[in-house]
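These are the residues of each chain, in order.
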Amino acid sequence: HQHQHQPSPNPKVGDWECPNPSCRNHGGPHCFGSKMVCNLCHTPRPRSGPAIPPPYCPHTSGGAAVAAAPAGGAAQAGHRSLAAGLDSAVSRLVGPQAPISASTTGAKYSCHPDRICWESAGKQGLDDRKLFPLSPTNPQHAQELATVRALFAKSLPNRKIDTIERVENGLQHEMFDANLRSMVMEMAGDFDAGSMVKLLFHGTKRDAVEHIVHGSDGFKPLLSGSSTGAIWGDGVYFARDAKYSDQGYACTLPTGQKQMLLVRVLVGRYCRGKKGLKMYPLLPNEKFRRYNTVVGWSGGDKQDLANPSIYVVDKGSMAYPLYLITYRP
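Fair warning: this is a prediction, and the values are worked out from it, not measured in the lab.

### Let's talk about the pairing of strand S8 (residues 258-266)
Part 1 of the reasoning: For S8, the buried fraction is high: nine of the nine residues fall into the buried class.
Part 2 of the reasoning: On S8, burial covers both faces: Lys258, Met260, Leu262, Arg264 and Leu266 on one face and Gln259, Leu261, Val263 and Val265 on the other are all buried.
Part 3 of the reasoning: Alignment of strand S7 (residues 251-252) against S8, held across two bridges, turns out to be antiparallel. Across the sheet, residue Cys251 finds its bridge partner in S8, namely Gln259.

Given below as structure tokens:
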């Protein structure tokens, strides 16, 4: 007789069921949402399957709310803020959720928490329109707005945000997802979403912003680094702090407003970068596998490898633009 675990009486947001029927984590959401492989049998997290949707966006595939928000101050306590626990929140936001019907094709595809909130046709992100404004008067946008504003205000508390627009680009999202899954399979039990996937800021010229948002291939490493002088190596530069992106990198509109992107970046394993670095170093005791990212620090930052403020990636598909932020300097 094979013992089967009973589902946890208090499952956490994002917990999932191991798809391996011979594993003791099969039969209920026993695997922590922060893990991309089963802790017992190391089976990769399924592309679709039983999982508890996160409170990041109160949507389900049918458009109904996942749960009614508590009233008053309890509503704020009921939501997990990325500003209060960025790494753990990123862990929950990464990874597949239950399939969502694509109304335009009748097909089914796996939906990340990003796409649970999407408003494009069938949540596929294939419309000509790629930017969807978040409205302060729409309660379904409240958590997204609060999250982005909190991250932005950590380093730019005196800047006023005018608009936050969600980027829905299905082709780019699929490429990012493919890179994520490839990294999970390569690292197996060593992959940790909390430390290897980050929410970072990116400032660039206006025409580059247009291409990143609307193009199929997103960020272009070969065209990046000209503004910074590529002092930490060649690739696309992302910043932990909005303040860094604001200082000479965020584009300025004819209205005088400025814009930057909030981006989900697959940083993986990283090491210290240096000027002129074109090929990232090999991992210790490896002949072929290399670091995924190199890191650096802005002026005045303590150069602590455990707390970099700049991340550089050499593949554009390791980053997905989540939001376009328009603000006043």
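From this point, the narrative continues.
### Observations concerning the pattern of salt bridges
Part 1 of the reasoning: Counted according to the given criterion, the structure contains 17 salt bridges.
Part 2 of the reasoning: A salt bridge links Lys278 to Asp234; its shortest N-O distance comes to 2.8 Å. With Lys278 in the loop between strand S9 (270-272) and strand S10 (293-296) and Asp234 in the loop between helix H7 (206-214) and strand S6 (236-239), this residue pair connects regions lying 44 residues apart in the sequence.
Part 3 of the reasoning: Classification of Lys278 as exposed rests on a relative accessible area of 65%.
Part 4 of the reasoning: A salt bridge links Arg240 to Asp241, with the nearest nitrogen and oxygen atoms 2.9 Å apart.
Part 5 of the reasoning: Among the residues examined, Arg240 registers a relative accessible area of 28% and is labelled partly exposed.
Part 6 of the reasoning: Taken together, the salt bridges that share partners define one network made up of Glu119, Glu144, Arg166 and Glu168.

### A short note on H7
Part 1 of the reasoning: When we look at burial in H7, the residues that qualify are Val209, Ile212 and Val213. Down the axis of H7, the sector holding all buried residues measures 95°, keeping them to one side.

### Quick look at the nonpolar core
Part 1 of the reasoning: Counting 64 residues, the largest nonpolar core has Phe152, Phe191, Phe238, Met260 and Ile325 as its most contacted members.
Part 2 of the reasoning: Sorting elements by how many residues they give to this core places strand S12 (residues 319-328) first, with seven residues.
Part 3 of the reasoning: Within the second largest apolar cluster, five residues are counted, among which are Trp16, Cys18, Cys31 and Cys38.

### A word on the side chain of His202
Part 1 of the reasoning: Looking at where His202 falls in the secondary structure, it is placed in strand S5 (residues 197-202).
Part 2 of the reasoning: A distance of 2.7 Å separates the side chain of His202 from the backbone oxygen of Tyr237, its partner in a polar contact.
Part 3 of the reasoning: Not counting residues within four places of it along the chain, the set of residues in contact with His202 comprises Ile212, Phe219, Val236, Tyr237, Phe238, Ser245, Met260, Leu261 and Val263.

### Here we look at unusual backbone geometry
Part 1 of the reasoning: Although it is not a glycine, Lys123 sits at a positive phi angle of roughly 55°.
Part 2 of the reasoning: Following the sequence through the fold, Lys123 ends up in the loop between helix H3 (113-116) and strand S3 (131-133).
Part 3 of the reasoning: The phi torsion at Asn285 lies on the positive side, around 65°, for a residue other than glycine.
Part 4 of the reasoning: Take Asn285: its relative accessible area is 85%, and that puts it in the exposed class.

### A few points about helix H5 (residues 170-187)
Part 1 of the reasoning: Compared with an ideal rise of 1.5 Å per residue, which puts 18 residues at 26 Å, H5 spans 26 Å between its outermost C-alpha atoms and is within 8% of the ideal.
Part 2 of the reasoning: Here H5 has its buried residues at Gly170, Gln172, His173, Phe176, Asp177, Asn179, Leu180, Arg181, Met183, Val184 and Met187.
Part 3 of the reasoning: Backbone geometry just after H5 places Ala188 at a positive phi near 55°.

### Description of the pairing of strand S11 (residues 310-313)
Part 1 of the reasoning: On S11, burial covers both faces: Ile310 and Val312 on one face and Tyr311 and Val313 on the other are all buried.
Part 2 of the reasoning: Note that S6 and S11 share four bridges and pair antiparallel. In the strand pairing of S11, Tyr237 is matched with Val312.
Part 3 of the reasoning: Bridging between S10 and S11 involves four bridges; their strand directions are antiparallel.

### Description of the environment of Asn20
Part 1 of the reasoning: Inspection of the secondary structure puts Asn20 in the segment before helix H1 (73-78).
Part 2 of the reasoning: As for Asn20 and Cys41, which are separated by 21 residues in sequence, their C-alpha atoms are 8.1 Å apart.
Part 3 of the reasoning: Apart from residues lying up to four places away in sequence, Asn20 is in contact with His26, Cys41 and Thr43.

### Re the confidence of the model for the protein
Part 1 of the reasoning: Residues at a pLDDT of 70 or more form 70% of the protein, whose mean pLDDT is 77.
Part 2 of the reasoning: Considering only residues more than four positions removed or in separate chains, one finds that residues 1-8, a stretch of pLDDT under 50, has 17 contacts.
Part 3 of the reasoning: This model gives residues 48-110 a pLDDT under 50, and the stretch forms 129 contacts once residues within four places in sequence are excluded.

So, how was this worked out
Residues numbered from 1 in each chain as written. Predicted model: local features only at pLDDT ≥ 70, side-chain atom pairs only at ≥ 80, totals over all residues. Heavy atoms only, no water. Buried < 20%, exposed > 50% of the residue type's maximum accessible area, 1.4 Å probe, protein only. Helix = DSSP H or I, 4+ residues; strand = E, 2+ residues; numbered from the N terminus. Pairing = 2+ DSSP bridges. Salt bridge = Lys/Arg side-chain N within 4 Å of Asp/Glu carboxyl O. Arc of directions from axis to C-beta. Core = buried A, V, L, I, M, F, W, Y, C linked by side-chain atoms within 4.5 Å. Polar contact = N/O pair within 3.5 Å; in protein donor to acceptor, adjacent residues only side chain to side chain. Contact = heavy atoms within 4.5 Å. Expected span 1.5 Å × (residues − 1). pLDDT = per-residue confidence, 0-100.

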